Amino acid sequence: MPRIYQNLLLITALFLSTQQATAQTDTLPLSVNPALSDIYNSKFPKQYSIGGITVTGTKSFDQNLIISISGLAVGDVISIPGTDVFSKAISKLWKQSLVSNVEVFLTRLEGNKLFVELAITERPRLLDFRFVGVKKGEREDLATKSGLSKDRVLTENMKLSAVEAIRKFYYEKGYRNVQIDMREEPVTGVNNSVNITFFVDKGKKVKVNSINFTDNESIADNKLKKQMKGTKEMTKVTLFPEKIVSPYGDSSKTPGFREYLKEMAYLSPSKTKEYLDPYFRFKLFSGAKFNETKYTEDKQKVLEYYNAQGFRDAQIVADTQFYDLKGNINVDIKVSEGRKYYFGNITWKGNTKYSDSILNVILAIKKGDVYNLELLNKRLGKQLSMEGGDIGSLYQDDGYLFFRVDPIETAVYNDTIDYEIRMTEGPQAVYGTISVSGNDKTKDYVILRELRTVPGEKFSRADIIRTQRELSQLGFFNPEKINPNVVPNAENGTVDIEWQVEEKSADQLELSAGFGGGIGLTGTLGVTFNNFSIKNIGKKSSWDPLPSGDGQKLSARIQSNGKAYRSYNFSFTEPWLGGKKRNSFSVNYFNTKYANAYDPFTGLYCKACGDTSYVKTVGFGVSLGKQLKWPDDYFNLIYSLNVQQYKLRNYAVSGFNGLKDGNSTNISLKLTLLRNSAGPNPIFPTSGSNFMMSGQFTLPYSLLGITSETDNQYKFPEFHKWRFNGEWYVPIGRARGADKNKQFILKAAAKYGFIGRYNSKLDISPFERFQVGDAGLSNTQALLGYDIIAHRGYPVYNNSDPKVNPDNIQPTKYFTIFNKYTMELRYPFSTSASSTIYGLAFFEAANGWYDFKNYNPFKLRRSAGVGMRFFLPMFGLLGFDYGVGLDRYNQNTGIKGAAKFTFMLGQEPE
């Protein structure tokens, strides 16, 4: 039935997504009910009561919801003319983004009761959306970045935002000419719903063809381009062809030769690279995309570089980008270098703690040095640095937390600038309240005992840096989330520190199992609890799955390969014996058996053979470590007593002069001096060093008369063994911005080992020697106490001559002396608590000898290669290396014959 409005007053509101709500009124000609026409014709406001509200045009929304949102209610008293209640109702409905059109009708008037109708047009709901013309991975990223959600009301703003997000996504990837066609289609059978399809044409990726600087008279283009890390030119490579015979001759200078090459490239594009001549260049597109944000940052880096070279007035006066014929961008930058400045006289004011001469030595800037404000601020300590060595660090390490320094230009004449360094030393601060937070599992005292920020002691910046490192070394916390919240109290000269930590999973699980025909059950079960609590082992409530939180370490491992091999290992470490000093206590036990489980005549598996032919090792060790105060407190001294018994039953071992049966007992005392300042992340150190020097000694049984020279020397092995390891970690370059943890790290390492004898009439002990080569993983020889020294790119070898290829040679004995040198360039891909991943390139040189007569530390086997390391808290460290033995290389086998792929598990090999 058609709707008839008597003397209808129409209030209409049509809105766009970016406009405010407005109302229009239109008085229609007088009809049946003259009362409605008098409402807005009245000269004086008159009050009316809303007698009823109806809603039309709804498809999916409840009418009561629309009325509630509008703010109108039956019984409301309004004054007409003069009221804006209807405009407000329209605005409220529009703000919810539920409707695209609102009309307010006054339908009838009964007495002073006015009846209202809200006529709306609902916005459609988005049932689904998809992207056409993009890759699967990009599709998933776009679904997130577009901001669209299924089954939500779809607004014009949402559609515009989605298109803009898609455009921005590809713009940042270098596609600056992306075309997007958005098509909206109603869904049949579903009320007021639509699907949207985005047809994306990325076009050709826009690259930076060239970067050109003008008016840069003092600094070359290449040096300026190097500062633009985020804006790179396409790499240009020139290929020089071999001798080519063409109809026009065989020289690139012959007329018609270039035309011949063009013709060949057209007829056979696959051969284009092969036939390019010096006049042709092709481009390798790597990192040359143009990003507006990075370009802006790079321009600032160019100016910073100019400032660092003394050009403090340098400016970029103009820059422009234009497209070439291939659609790539050329960037032109015009600079104004200005004058080059130098430091003049530097004077100090306000310093009472240190003299001018001491401050000048630390500042290390002399009159006549090239002006560099960034360097000046860094040497003064105005820029935060973990390295120290600046004026600020000097004062803050001595308690002057409130120290301030301001460099003031006092004179600028010609090309020289004089400075006065004004200092406010302030009082020395002491530590106030020290607290910890974020440790849900680890007990407070475990963290507090590691802190060097002790209440009442003098503040030191070095204490805070050292504490961060040592909390990281515990392995319980995310190194990137250890944050000292420093709160200075200038009123009383104290500083409060809240150590905020984020716990990470520190326990590790190793599990594998299998069943082989004839061999039986094989597998490994190992657990390591790095934050164990032995004192709560009797409290059932603390088992989750084991009691934890006291910082102790408990490790247990069982490994079996049927009758052929089995091993039990157990260890426990208390890092703070007694709880008052950093004195560590460790105990360990192992029981390993390796059996000859194959019949020597048939080569088949034999159950009984494993009981009659085997080597068994049982050992027990206890160690006590003590932190030293001299030369500094990075040093630790560790005393270890080790007892090992070897049992051989019808089992021949290389190097034992035919011995197949017997027992050997090895009792030794080992002294180890350590100095470890590497950190802050123990898995991926970025600075510091790690040194170890040890001596291991048995009793000189033959000299004491306990054994004679004719006795079996294997019964009680006698030896003295020396080891030295040194490692250095140096950051290369400078990390910036969000990638401050992404920095190349150079690791340099040197290792040395020697085992000697007390009695010159006896041979050197066959136990505890050095096995050099391969991946450093354990094998049967490790059961006899051999130190396994990894050498990537080589198999295990026993010949000291690098010219002898060790391939397919089974070692019969192992070295008594070894040297190893390593250089690694590391780069982190992830240093998060959940995983530490880094890649490396290495150069390695090592060798072994049997006596000092033939020892030559420069006669080494060399190798080079690349590798990856993955540290997952649950499984520990995994590693892969691909090394090429440079001294194994020959023309017949090539690189493939000299290369070796190695795998490591658990910890870095020696």
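Scroll up to find the structure this text is about.
About the criteria used
- Residues numbered from 1 in each chain as written.
- Predicted model: local features only at pLDDT ≥ 70, side-chain atom pairs only at ≥ 80, totals over all residues.
- Heavy atoms only, no water.
- Helix = DSSP H or I, 4+ residues; strand = E, 2+ residues; numbered from the N terminus.
- Buried < 20%, exposed > 50% of the residue type's maximum accessible area, 1.4 Å probe, protein only.
- Contact = heavy atoms within 4.5 Å.
- Areas by Shrake-Rupley, 256 points an atom, 1.4 Å probe, with all protein chains shown as cover.
- Pairing = 2+ DSSP bridges.
- Axes fitted to C-alpha atoms, helices over the stretch in contact; angles between N-to-C directions.
- Salt bridge = Lys/Arg side-chain N within 4 Å of Asp/Glu carboxyl O.
- Patch = residues over 30% accessible without salt bridge, like charges linked within 9 Å, V, L, I, M, F, W, Y side chains within 5 Å.
- Lys, Arg positive; Asp, Glu negative; His and termini not counted.
- Charge placed at Lys NZ, Arg CZ, Asp CG, Glu CD.
- Parallel < 35°, antiparallel > 145°, perpendicular 65-115°, else oblique.
- Left-handed = near helix turned anticlockwise from the far one by under 90°.
- Nonpolar A, V, L, I, M, F, W, Y, C, P; charged D, E, K, R; others polar.

Caption draft 1: Inspection of the overall build of the protein chain at higher detail. Helix and strand counts for the protein chain come out as 16 helices and 39 strands. When each of the 910 residues of the protein chain is scored for burial, the buried share is 43%. Within the protein chain, contacts between residues at least 6 apart in sequence are counted, and of these 61% link residues at least 24 apart. About 47,800 Å² of surface is accessible on the protein chain, with carbon and sulfur atoms providing 53% of the total.

Caption draft 2: Highlighting the sheet that holds strand β19 (residues 430-437). Sheet architecture is open: three strands sit in the order β19-β21-β20, paired in mixed fashion. Of all strands in the sheet, those with a lone pairing partner are β19 and β20 (483-489), marking the two edges. The sheet shows a mean angle of 20° between the axes of neighbouring strands, direction not considered. One ladder, built from six bridges, connects β19 with strand β21 (residues 494-500); its direction is parallel. Of the residues in β21, the one forming a bridge with I434 is I497. The strands touched by helix α13 (residues 461-474) are β19, β20 and β21; relative to β21, the strand with the most contacts, the crossing angle is about 15°.

Caption draft 3: Up close: the pattern of salt bridges. Tallying each qualifying case throughout the model produces 34 salt bridges. Across the salt bridge formed by E110 and R108, the nearest N and O atoms sit 2.9 Å from each other. Assessed through its relative accessible area of 39%, R108 is described here as partly exposed. Between R792 and E844 there is a salt bridge whose closest N-O contact spans 2.8 Å. Within this pair, whereas R792 is found in the loop between β34 (787-789) and β35 (817-831), its partner E844 is found in strand β36 (residues 836-849), the two being separated by 52 residues in sequence. Per residue, the accessibility class of R792 equals that of E844, and both read buried. One salt-bridge network, in which partners are shared between bridges, spans R792, K820, E824, R826, E844, R869 and D881.

Caption draft 4: Seen up close, a positive patch on the surface. Together, K135, K145, K168 and K173 line one region of the surface with positive charge. Position of K135 relative to the elements: it lies in the loop between β7 (125-132) and α4 (136-145). Classification of K135 as exposed rests on a relative accessible area of 58%.

Caption draft 5: Unusual backbone geometry, seen in detail. Here W630 and P631 are connected by a cis peptide whose omega angle stands at 0°. With respect to the element layout, P631 can be found in the loop between β27 (614-627) and β28 (635-649). Put simply, G679 and P680 share a cis peptide bond, and its omega is 0°. By secondary structure assignment, the location of P680 is in the loop between β29 (662-676) and β30 (688-697). Of note in the backbone geometry, N414 takes a positive phi value of approximately 55° without being a glycine.

Caption draft 6: Here's a closer look at the packing of α4 against helix α5 (residues 156-171). Where α4 contacts α5, the two axes come as close as 9 Å, and the packing angle between them is 135°. Here α4 is positioned oblique relative to α5, judged by the angle of their axes. Regarding α4 and α5, the two cross each other, and that crossing is right-handed. Of α5, the residues touching α4 (which contributes E138, D141, L142 and K145) are A165, I166, F169 and Y170. In terms of residue class, the contact of α4 with α5 is made up of five nonpolar, no polar and three charged.

Caption draft 7: The sheet that holds strand β11 (residues 208-214), seen in detail. On the basis of which strands lie adjacent, the open sheet formed by three strands has the order β11-β15-β14 and mixed pairing. In the strand order of this sheet, the two ends are held by β11 and β14 (315-323), each with one partner. Across this sheet, the average inter-strand angle for adjacent strands is 15°, counted without regard to direction. Two strands pair when backbone bridges link them, and β11 and strand β15 (residues 329-336) are joined in this way by six bridges, in the parallel orientation. Residue I211 lies in a different strand from β15, and its bridge partner there is V331. Against the sheet, helix α8 (residues 292-308) makes contact with β11, β14 and β15, and its axis sits at roughly 145° relative to β14, the strand it touches most.

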